[in-house]
Amino acid sequence: MTRTDIHDRDGNAVHVRGLVKHFGATKALDGVDLDVREGTVLGVLGPNGAGKTTLVRCLSTLIRPDAGSARVAGYDVLRQPRQLRRAIGLTGQYASVDEKLSGTENLYMIGRLLDLSRKDARRRAEEMLERFSLTEAAKRPAMTYSGGMRRRLDLAASMIGQPAVLYLDEPTTGLDPRTRNEVWAEVQRMVSEGATVLLTTQYMEEAEQLADELTVIDRGRVIAGGGVDELKAKVGGRTLQIRPADRAELSRMAEEVSRAGLAGVAGATADEAEGVVNVPIVSDEQLTAVIGMLGGRGFAIAGISTHLPSLDEVFLAVTGQKTSTPAAAEQHTDELEEVAV
Amino acid sequence: MSAATISAPAAAAQDGRIGLRANLRHIGALARRNMLQIKQDPESMFDAVLMPIIFILLFTYVFGGSIAGKGHEKEYVNYLVPGLMAMTGMNIAMAVGTGVNDDFKKGVMDRFRTMPIARSSVLIAKIVVEVGRMLVATTILLAMGFAIGLTVSTSVAHLLAAVALSMTFGASLMWIFILLGLTMKTAQAVQGVAMIVLMPLQFGSSIFAPTSNMPGWLEGFTKYNPLSNLADAARHLINGGPVAHSVWMTLAWSVAITVVTAPLAVAKFRKRT
């Protein structure tokens, strides 16, 4: 079953069309389309309750979608679940390892379940423990591990079978920044080795760090998508920051820009703390016009720079809401489960 | 680690079906997990070790005199122990229900359900280990029994047949409790329902006392109570007597319970979200 083509004609390892899943009256997925090109990372971004976890559970055969189609690694999620399970790895929001078993025992068990011989399962477990820096803790039960160690063990468990497609469902939720960096480094390493990754996250920073492309979902629908820069550009322009040589000229400079009446340039604001004037612009012509105007009026400029909006701003622009808090998230998940039972 | 380098194990058929050998290997790996859990948490063996000791002492010395007559407690031991063999299976099976309810809420179950293994193997592995626990409990029960006067008037083979029969019936009961454990929301609820069902079945049977002194309607009930069938079968296998009817009834119950509840339990496990 050596597969040389896990992607479809367009080079997509994951191909989802019109995926629908309702839990009672809750439309967890309301017609989701998305593609992940082979060997890339798609970040699925959305607030809590957007349907991210439901999406991952559908694509990993844990729940059956009500409608739509999905192909992963060349297999139909609905018609070929058994074959599909051989090609995927899943690391969920909650570590899916056995807490009472040691790191070694957990990985050995997974190896045996993946039909490795006893010897190969042992060897592979050791390899993975070393790779994920868990060798020292290998003999201890997983319940004694820190949050970051558990998550790393979970990633290791997902990697035992060298899956072609890896789902990471909020892999760093609840981790401290240092541990988060460790997990990110591991994910980047997996991708550099050729894995295709579908990553769900509510952290903009995480998506920006790891994802090649983004899909923003909200209330079970895709509301925006594209490359990270593309998406930012879609939200509208950039911010031009001008640093006057003389800080005392800050507010006068802002006023001049606002009153100059340049096409498409609305209001400029003075940022006293940073010592810069911020001017929202949408084109390079406007940048040239603003700088030219200021030069013509005798302002001395020490520096200029342009900034794309942060992903938080992108998110605010496309969903009309700020990213929600983890507490609200859990509540929502509970609700979904209630309905699902 | 590109997809092209993934070398699939030979066991995997093209349609992804799991072969028998692979299935047994998976059950083995999962049973090992359940055993390691016990090793990590030895207290979970307390019920299997202590229950038979407490029950045999309690019933022999508290009720034995009243049932068999003062000074005839030893005769009661030969009546009671086969009955307790039937009860042991029931109590272990009940623990399976609560254990499954807890265990299956854990994230590791999601991992199992996304792996290329038959989903039934997770449940079968649990039953394999629990039957092992039952064997431990039954061994302790018999050892205690021999210590306070149990005698086998047939043969060792008959005794082993009685043990095997109670294991078979116990394993079928476990499917009921697994189904219950997967259906109910909390372990406490499982325990609550289990108690309500178990108490009448245990006491409305021939486990502790002969049924001939019970009112007619109750005696009628006990005849169809599988626990009575099993207790009678074990009793006649150990003490001698006609075994055919009670043995066949017990086997029929075991098969019927398994055939109905095992597929339901597997389906429930498959669909659990």
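Residues numbered from 1 in each chain as written. Chains lettered and ligands numbered in written order. Predicted model: local features only at pLDDT ≥ 70, side-chain atom pairs only at ≥ 80, totals over all residues.

## A closer look at the domain arrangement of chain A
Segmentation of chain A into domains returns domain 1 (12-233) and domain 2 (238-307). Distance from the C-alpha centre of domain 1 of chain A to the C-alpha centre of domain 2 of chain A: 45 Å. (Domains from an automatic or database assignment.)

## Some thoughts on the nonpolar core
Counting 146 residues, the largest nonpolar core has Val72(A), Ala156(A), Val197(A), Phe177(B), Ile178(B) and Ala234(B) as its most contacted members. Those residues in contact with Ile178(B), other than ones at most four positions away along the chain, are Val96(B), Gly97(B), Val100(B), Leu123(B) and Ala265(B). (Core = buried A, V, L, I, M, F, W, Y, C linked by C-beta atoms within 7 Å. Buried ≥ 20, exposed ≤ 12 C-beta atoms within 10 Å, placed from the backbone. Contact = placed C-beta atoms within 7 Å.)

## Brief notes about the pairing of strand S6 (residues 88-91) of chain A
Residues and elements named next belong to chain A. The side-chain alternation of S6 yields two buried faces, one formed by Ile88 and Leu90 and the other by Gly89 and Thr91. Across four bridges, the pairing between S6 and strand S7 (residues 165-169) is parallel. Considered in S7, the bridge of Leu90 is made with Tyr167. (Helix = DSSP H or I, 4+ residues; strand = E, 2+ residues; numbered from the N terminus. Pairing = 2+ DSSP bridges.)

## A closer look at the UniProt feature "transmembrane region" (unreviewed entry) in chain B
Residues and elements named next belong to chain B. If you check UniProt for "transmembrane region" (unreviewed entry), the listed places come out as residues 45-64, 76-100, 121-150, 156-182, 189-209 and 247-267 in our numbering. From the first C-alpha to the last, residues 76-100 spans 36 Å; its make-up is 100% helix and 0% strand. Helix makes up 100% of residues 156-182 and strand 0%. Its end C-alpha atoms lie 39 Å apart. (UniProt positions renumbered as here; feature names shortened; annotations may be inferred.)

## Some thoughts on the environment of Asp102(B)
Residues and elements named next belong to chain B. By the secondary structure assignment, Asp102 is in helix H3 (residues 73-103). Given 12 C-beta atoms within a 10 Å radius, Asp102 is considered exposed. Note: C-alpha distance between Asp102 and Pro116 (14 residues apart in sequence) is 23 Å.

## Examining the sheet that holds strand S5 (residues 75-76) of chain A
All names here are of chain A. The sheet built from four strands is open, its strands ordered S2-S1-S4-S5 with antiparallel pairing. Both edges of this open sheet fall to strand S2 (26-37) and S5, since each of them pairs with a single strand only. Relative to S5, strand S4 (residues 67-72) is paired through two bridges, and the arrangement is antiparallel. Note on S5: the bridge partner recorded for Arg71 is Asp76. Contacting strand S1 (12-23), S2 and S4, helix H1 (residues 52-59) crosses the sheet at an angle of about 65 degrees to S2. (Axes fitted to C-alpha atoms, helices over the stretch in contact; angles between N-to-C directions.)

## What about the sheet that holds strand S3 (residues 41-45) of chain A?
Residue and element names in this part refer to chain A. Pairing within the open sheet is mixed, and its six strands lie in the order S6-S7-S8-S3-S9-S10. Here the strands that pair on one side only, and so sit at the sheet edges, are S6 and strand S10 (221-227). Averaged over all adjacent pairs, the angle separating strand axes in this sheet is 15 degrees, with direction ignored. Pairing between S3 and strand S9 (residues 213-218): four bridges, direction parallel. Residue Val44 lies in a different strand from S9, and its bridge partner there is Thr215. Against the sheet, helix H5 (residues 147-159) touches S6 and S7, its axis set at about 170 degrees to S6.

## Comments concerning the environment of Pro244(A)
Residues and elements named next belong to chain A. Along the polypeptide, Pro244 turns up in strand S11 (residues 238-244). Remark: the alpha-carbon pair of Pro244 and Asp176, spanning 68 residues in sequence, is separated by 39 Å. Among residues more than four places away in sequence, those in contact with Pro244 are Glu249, Leu250, Met253, Phe299, Ala300, Ile301 and Ala302.

## Regarding the packing of helix H3 (residues 103-113) of chain A against helix H1 (residues 20-40) of chain B
Between H3(A) and H1(B), whose axes approach to 8 Å, the crossing angle comes to 160 degrees. The pairing of H3(A) with H1(B) is recorded here as roughly antiparallel in orientation. For the crossing formed where H3(A) meets H1(B), the hand is left-handed. Facing H3(A), whose interface residues are Glu105(A), Met109(A), Arg112(A) and Leu113(A), H1(B) presents Arg25(B), His26(B), Ala29(B), Arg32(B), Arg33(B) and Leu36(B). Taken together, the residues of the contact of H3(A) with H1(B) sort by class into four nonpolar, one polar and five charged. (Parallel < 35°, antiparallel > 145°, perpendicular 65-115°, else oblique. Left-handed = near helix turned anticlockwise from the far one by under 90°. Nonpolar A, V, L, I, M, F, W, Y, C, P; charged D, E, K, R; others polar.)

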